[in-house]
Amino acid sequence: MLIHSARMNMRDSLDKKQDYIKYYGFGMPTINTVDILQCSDSEVTLIFKQTITTGSHLEMFDFPYPNSLIKNGKCFGEIGMTLIYEPMLDFRYGHEYCRSNVDVSFGTYKYNDDGEIKFKGQVPLEKAWDKKYEKDQVEHGFKWSPIKSYFRKMPKGIDCGEGWKIRVDMTSRNQVTIPKQEFVLIVTIKDPSNSLDIYTEMVNGLRNNGYITNSLETRQLVRQRNK
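Residues numbered from 1 in each chain as written. Predicted model: local features only at pLDDT ≥ 70, side-chain atom pairs only at ≥ 80, totals over all residues. Heavy atoms only, no water.

> Looking at this structure, I do not really get the packing of aromatic side chains. What am I missing?
Here the structure, examined in full by the defined rule, presents five aromatic pairs. Where phenylalanine 61 meets tyrosine 109, the ring centres are 5.3 Å apart and the plane angle is 75°; that geometry is what we call edge-to-face. In this pair, phenylalanine 61 is assigned in strand E2 (residues 57-63) and tyrosine 109 in strand E5 (residues 100-111), connecting sequence segments 48 residues apart. The class for phenylalanine 61 is partly exposed, based on a relative accessible area of 25%. Taking 5.0 Å as the distance between ring centres and 50° as the angle between the ring planes, the aromatic pair formed by phenylalanine 106 and tryptophan 164 counts as tilted. Highlighted residues: phenylalanine 106 in strand E5 and tryptophan 164 in strand E8 (residues 164-172), separated in sequence by 58 residues. With respect to burial, phenylalanine 106 and tryptophan 164 carry one shared label: buried. Members of the aromatic cluster, each reached through a chain of ring pairs, are Phe63, Tyr65, Phe106 and Trp164. Its guanidinium or amino end placed over the ring of tyrosine 93, arginine 99 lies 3.6 Å from that ring's centre, counting from NZ or CZ. The side chain of arginine 173 reaches across the aromatic face of tryptophan 144, ending 3.9 Å from its centre. (Phe/Tyr/Trp six-rings, centres within 6.5 Å; stacked < 30°, edge-to-face > 60°. Helix = DSSP H or I, 4+ residues; strand = E, 2+ residues; numbered from the N terminus. Buried < 20%, exposed > 50% of the residue type's maximum accessible area, 1.4 Å probe, protein only. Lys NZ or Arg CZ within 6 Å of the ring centre and 35° of its normal.)

Set out below in structure tokens:
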């Protein structure tokens, strides 16, 4: 939650130059801890905690994108995601000690003429990594990193297709079998104008689609200071 808050809070500052992340990391979270755990009406933050195994993937179809951010078949708004997991480690492999890699795709899908689903991820990693060599992928794309950050602004809108879905995949080095890999995915959808009630729309949409949601519980601890 701290990393996700930091990235969303300092996005404009860190996006000025691509190499800023080397010096400032993911940024600085908001000073008010309540803002980290709570949302305004114009945005919603969802937390998914799940496990995945080697040779499988997870999919969440019919993700209820807020209707207020859909106009003439196009989706607008901002989407930020943070993916965190604890990979299997093995020091015997040197700099390849990280043995598992988890990726998430959040995007739209359509059905082609054969009835097959054509999926397109719409929220890329913070830095594009389409180069051939793994060194470039590690540096520019967080490959094998247990913390990944994704973001996209859609001021001109994108084609909504027939719906949205989230897909999570895991790969391992040298076909190592990993029986269980736990991960946490945090997704924030925001109305840049801060005028729409995105929060209520998302909660109702998830419930209408049969998803079980729980609000994040917080409590205050009163500490006595010795004089």
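> Mind showing me how you'd approach the pairing of E8 here?
Along any regular strand, the residues point their side chains to alternate faces of the sheet. Across five bridges, the pairing between E2 and E8 is antiparallel. Bridge pairing in E8 places histidine 57 opposite aspartate 169. Looking at chain direction, E5 and E8 are connected through nine bridges and run antiparallel. Along E8, the bridge assignment pairs phenylalanine 106 with isoleucine 166. (Pairing = 2+ DSSP bridges.)

> Sorry if this is basic, but what is going on with the nonpolar core here?
For soluble globular proteins, nonpolar side chains are generally found buried alongside one another. Within the largest apolar cluster, 34 residues are counted, with the highest numbers of intra-cluster contacts made by Phe63, Ile79, Met81, Phe106, Trp164 and Ile189. Of all the secondary structure elements, the ones that give two or more residues to this core are strand E1 (43-52), E2, strand E4 (74-85), E5, strand E7 (147-159), E8, strand E9 (181-190) and helix H6 (198-208). Sequence-distant contacts of phenylalanine 63, that is, excluding residues within four places in its chain, are made with Leu46, Phe48, Phe106, Trp164, Lys165, Ile166, Ile189 and Met202. (Core = buried A, V, L, I, M, F, W, Y, C linked by side-chain atoms within 4.5 Å. Contact = heavy atoms within 4.5 Å.)

> Help me understand the sheet that holds strand E6 (residues 117-121) in this model?
Where strands meet in a sheet, backbone hydrogen bonds hold them as pairs that are either parallel or antiparallel. The strand order across the open sheet built from four strands is E2-E8-E5-E6, with neighbouring strands paired in antiparallel fashion. The sheet is open, and its two borders are formed by E2 and E6, each paired with just one other strand. Direction aside, neighbouring strands of the sheet carry axes that sit 30° apart on average. (Axes fitted to C-alpha atoms, helices over the stretch in contact; angles between N-to-C directions.)

> Just checking my understanding: could you explain the side chain of serine 5 for this structure?
By secondary structure assignment, the location of serine 5 is in helix H1 (residues 2-9). Judged by relative accessible area, which is 12%, serine 5 ranks as buried. Here serine 5 is in contact with Pro29, Thr30 and Ile36, once residues within four sequence places are set aside.

> Even after reading the chapter, I still don't get the pattern of salt bridges, so can you show me in this structure?
Two side chains of opposite charge can pair, provided their charged atoms sit close to one another. Per the stated rule, a full pass over the model turns up six salt bridges. Glutamate 96 serves as the salt-bridge partner of arginine 173, at 3.9 Å between the closest nitrogen and oxygen. With a gap of 77 residues between them, arginine 173 in the loop between E8 and E9 and glutamate 96 in the loop between E4 and E5 connect regions that are remote in the sequence. Arginine 173 sits in the buried class, given a relative accessible area of 9%. (Salt bridge = Lys/Arg side-chain N within 4 Å of Asp/Glu carboxyl O.)

> Explanation requested: a nonpolar patch on the surface in the structure shown.
A contiguous nonpolar surface patch, about 220 Å² in accessible area, is contributed by Met1, Leu37 and Ile47. Relative to the helices and strands, isoleucine 47 resides in strand E1. (Patch = residues over 30% accessible without salt bridge, like charges linked within 9 Å, V, L, I, M, F, W, Y side chains within 5 Å. Areas by Shrake-Rupley, 256 points an atom, 1.4 Å probe, with all protein chains shown as cover.)

> Any chance you could explain the environment of glutamate 96 here in plain terms?
Taking relative accessible area as the criterion, glutamate 96 reaches 28% and is therefore assigned partly exposed. Taking the C-alpha atoms as reference points, glutamate 96 and tryptophan 144, 48 residues apart in sequence, are found 8.9 Å from one another.

> Would you explain the layout of surface pockets in this entry?
Rolled over the atoms, a probe sized like a water molecule indicates the empty space that remains. Each pocket or cavity is described by its volume, and for the largest pocket that value is around 1,200 Å³. Lining the largest pocket are 37 residues, with Cys39, Val44, Thr45, Leu46 and Thr188 positioned closest to its centre. Tallying contributions element by element places E1 first for the lining of the largest pocket, with six residues. A breakdown of the residues in the lining of the largest pocket according to their chemical character gives 18 nonpolar, 11 polar and eight charged. (1 Å grid on protein atoms, 1.4 Å probe; cavity = no way out; pocket = protein on both sides within 12 Å on 5 of 7 lines; lining within 4 Å. Points joined across faces, edges and corners; volume = space filled by probe spheres on them. Nonpolar A, V, L, I, M, F, W, Y, C, P; charged D, E, K, R; others polar.)

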